[in-house]
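Tertiary structure, described
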Amino acid sequence: MNSLFPKEKITFNLPDADIEYYPNFFDVIRANELFEKLKNEIPWQQDNITVFGKTHPQPRLTSLFGNEGKPYSYSNIVMQPNHWNPLLMFIKNEIEETCNENFTTVLLNYYRDGKDSNGWHADNEKELGRNPVIASVSFGAERFFHLQHNTIKEQKLKINLEHGSLLIMKGTTQHFWKHQIPKTAKDIGPRINLTFRIIK
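Residues numbered from 1 in each chain as written. Predicted model: local features only at pLDDT ≥ 70, side-chain atom pairs only at ≥ 80, totals over all residues. Heavy atoms only, no water.

1. Some details on the overall build of the chain
- Scanning the chain from N- to C-terminus turns up three helices and 15 strands.
- A globule of 200 residues ought to have a C-alpha radius of gyration of about 16 Å, and the chain, at 16 Å, matches this closely.
- When its C-alpha atoms are laid out on the principal axes, the chain stretches across 55 × 40 × 40 Å.
- Among the 200 residues that make up the chain, the fraction classed as buried is 49%. (Helix = DSSP H or I, 4+ residues; strand = E, 2+ residues; numbered from the N terminus. Rg over C-alpha atoms; globule rule 2.2 N^0.38 Å. Buried < 20%, exposed > 50% of the residue type's maximum accessible area, 1.4 Å probe, protein only.)

2. Focus: the packing of aromatic side chains
- This structure, assessed with the given rule, holds eight aromatic pairs.
- Residues Y22 and F25 carry aromatic rings whose centres are separated by 6.1 Å and whose planes lie at 80° to one another, so their mutual orientation is edge-to-face.
- Owing to a relative accessible area of 2%, F25 belongs among the buried residues under this scheme.
- Residues W44 and Y110 carry aromatic rings whose centres are separated by 5.1 Å and whose planes lie at 50° to one another, so their mutual orientation is tilted. Linking W44 in the loop between helix 1 (28-41) and strand 3 (48-51) with Y110 in strand 8 (residues 105-111), this pair joins segments that are 66 residues apart in sequence.
- On the basis of relative accessible area, W44 is assigned to the buried category, the value being 18%.
- Taken together, the ring pairs in this structure connect Y22, F25, F26, F90 and F139 into an aromatic cluster.
- Above the ring of F25, the side-chain terminus of K7 is found at 5.2 Å from the ring centroid.
- The ring centre of W84 lies 5.1 Å from the NZ or CZ of K92, which sits over that ring. (Phe/Tyr/Trp six-rings, centres within 6.5 Å; stacked < 30°, edge-to-face > 60°. Lys NZ or Arg CZ within 6 Å of the ring centre and 35° of its normal.)

3. A short note on the pairing of strand 10 (residues 134-140)
- Across the seven residues that make up strand 10, a large majority, seven, are buried.
- The sheet contact formed by strand 10 and strand 13 (residues 165-170) spans five bridges and is antiparallel. Pairing of A135 across the sheet is with I168, part of strand 13.
- Sheet topology places strand 10 next to strand 15 (residues 191-197); six bridges connect them, and they run antiparallel. Paired with S136 across the strands is T195, a residue of strand 15. (Pairing = 2+ DSSP bridges.)

4. Examining the side chain of S138
- Counting through the fold element by element, S138 comes out in strand 10.
- Ignoring sequence-local partners within four residues, the contact set of S138 consists of L161, E162, H163, G164, S165, R191, I192 and N193. (Contact = heavy atoms within 4.5 Å.)

5. Let's talk about the sheet that holds strand 9 (residues 118-121)
- Reading across the sheet, the four strands line up as 9-14-11-12 and stay open at both edges, with antiparallel pairing between neighbours. Of all strands in the sheet, those bounded by a partner on one side alone are strand 9 and strand 12 (156-161). Going across the sheet, the axis of each strand differs from the next one's by a mean of 15°, ignoring polarity.
- Alignment of strand 9 against strand 14 (residues 177-181), held across two bridges, turns out to be antiparallel. By the bridge assignment, H121 is partnered in strand 14 with H179. (Axes fitted to C-alpha atoms, helices over the stretch in contact; angles between N-to-C directions.)

Given below as structure tokens:
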């Protein structure tokens, strides 16, 4: 990475949150290449999810990679990690250089079209520790990322996550805010998102 050209960084002035956004973390050529490789080389799966006693297929495909023996569970789904591969190690190293963190795990989401989504939630699973750092990199179609404060209802934000962008959430963000990727009726192509995290 060429430190002569620091990457453009946007920070948001929000209460109880620490969020940074790098719109062009990977340039278009690199982002295109990574998107195609991720689409074709990752073992995607579709788990069932149970919400309010009803079980249905999760509205996106997922995959988990990480360090030996650190499963990750959310919404009553327990995922066992695949071993890191060179493709994910490359992305992880680039992100760690900017975040100054050492991530143990990456959860990948594949949104096949605008009907695939991710409902309101916080990344507050106990195995992530007290103030987790979540680094989220996006490839493919742009999607809106909605944030909403838990108690101050007028505090909300929409970020358009661009192809090759990096979003970092840290500090107390997961205690006070929830986020989602809503469905869209727009005719849009697929998007792949990788959320790097540290499982304690």
